[in-house]
Amino acid sequence: MLLKKFDENKEALKQIGREAIAESRRLGLPISARDLQNEAEDQAVLEQKKRISAA
């Protein structure tokens, strides 16, 4: 139960971070190198999930 809640909260925080980065881009604010790195890692995981589900 606690592990499920932890996973839900973790995903919610990731979504908030994605929205914050998108808003920063929209406003033309600088994005930190760490945020760019995290975004690239998220994209890689998403692409991997797409490939697995397509197979």
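Located above this text is the structure these notes cover.
Cut-offs used in this document
- Residues numbered from 1 in each chain as written.
- Predicted model: local features only at pLDDT ≥ 70, side-chain atom pairs only at ≥ 80, totals over all residues.
- Heavy atoms only, no water.
- Helix = DSSP H or I, 4+ residues; strand = E, 2+ residues; numbered from the N terminus.
- Rg over C-alpha atoms; globule rule 2.2 N^0.38 Å.
- Buried < 20%, exposed > 50% of the residue type's maximum accessible area, 1.4 Å probe, protein only.
- Salt bridge = Lys/Arg side-chain N within 4 Å of Asp/Glu carboxyl O.
- Expected span 1.5 Å × (residues − 1).
- Axes fitted to C-alpha atoms, helices over the stretch in contact; angles between N-to-C directions.
- Parallel < 35°, antiparallel > 145°, perpendicular 65-115°, else oblique.
- Left-handed = near helix turned anticlockwise from the far one by under 90°.
- Contact = heavy atoms within 4.5 Å.
- Nonpolar A, V, L, I, M, F, W, Y, C, P; charged D, E, K, R; others polar.

**Q** Just to check I follow, could you spell out the overall build of the protein chain for this structure?
**A** Counting its secondary structure elements, the protein chain contains 2 helices and 0 strands. In summary, the protein chain has a C-alpha radius of gyration of 14 Å against a globular reference of 10 Å for 55 residues, an excess of more than 25%. A principal-axis box enclosing the C-alpha atoms of the protein chain has dimensions of 35 × 30 × 15 Å. Buried positions account for 4% of the 55 residues belonging to the protein chain.

**Q** When you look at the pattern of salt bridges in this model, what are you seeing that I'm missing?
**A** Should the charged atoms of two oppositely charged side chains come close, the side chains can pair. What the rule picks out here adds up to 4 salt bridges. A salt bridge links R26 to E23; the shortest N-O distance between them is 2.6 Å. With R26 and E23 both in helix α1 (residues 2-27) and 3 residues apart, this pair spans about one turn of that helix. Using a relative accessible area of 60% as the deciding quantity, one classes R26 as exposed.

**Q** Is there a simple way to explain the environment of D42 in this structure?
**A** Looking at the secondary structure, you find D42 in helix α2 (residues 33-54). Judged by relative accessible area, which is 28%, D42 ranks as partly exposed. C-alpha of D42 to C-alpha of D7: the two residues are 35 residues apart in sequence and 15 Å apart in space.

**Q** I keep staring at α1 and nothing clicks. Help me out?
**A** Because each turn of an α-helix spans 3.6 residues, side chains separated by three or four positions in sequence point in the same direction. An ideal rise of 1.5 Å per residue puts 38 Å on 26 residues; α1 measures up with 37 Å between its terminal C-alpha atoms. Looking one or two residues beyond α1, the residue adopting positive phi is G28, at roughly 80°.

**Q** I tried to follow the packing of α1 against α2 on my own but got confused; where do I start?
**A** When two helices pack together, their arrangement is captured by the angle between the axes and the distance separating the axes. Contact geometry for α1 and α2: axes closest at 11 Å, N-to-C directions at 120°. Between α1 and α2, the crossing angle belongs to the class labelled oblique. Here α1 and α2 pass one another in a crossing that is left-handed. Contacts between α1 and α2 involve R18, I21 and R25 on the former and, on the latter, D35, L36, E39 and D42. When its residues are assigned to classes, the contact of α1 with α2 shows 2 nonpolar, no polar and 5 charged.

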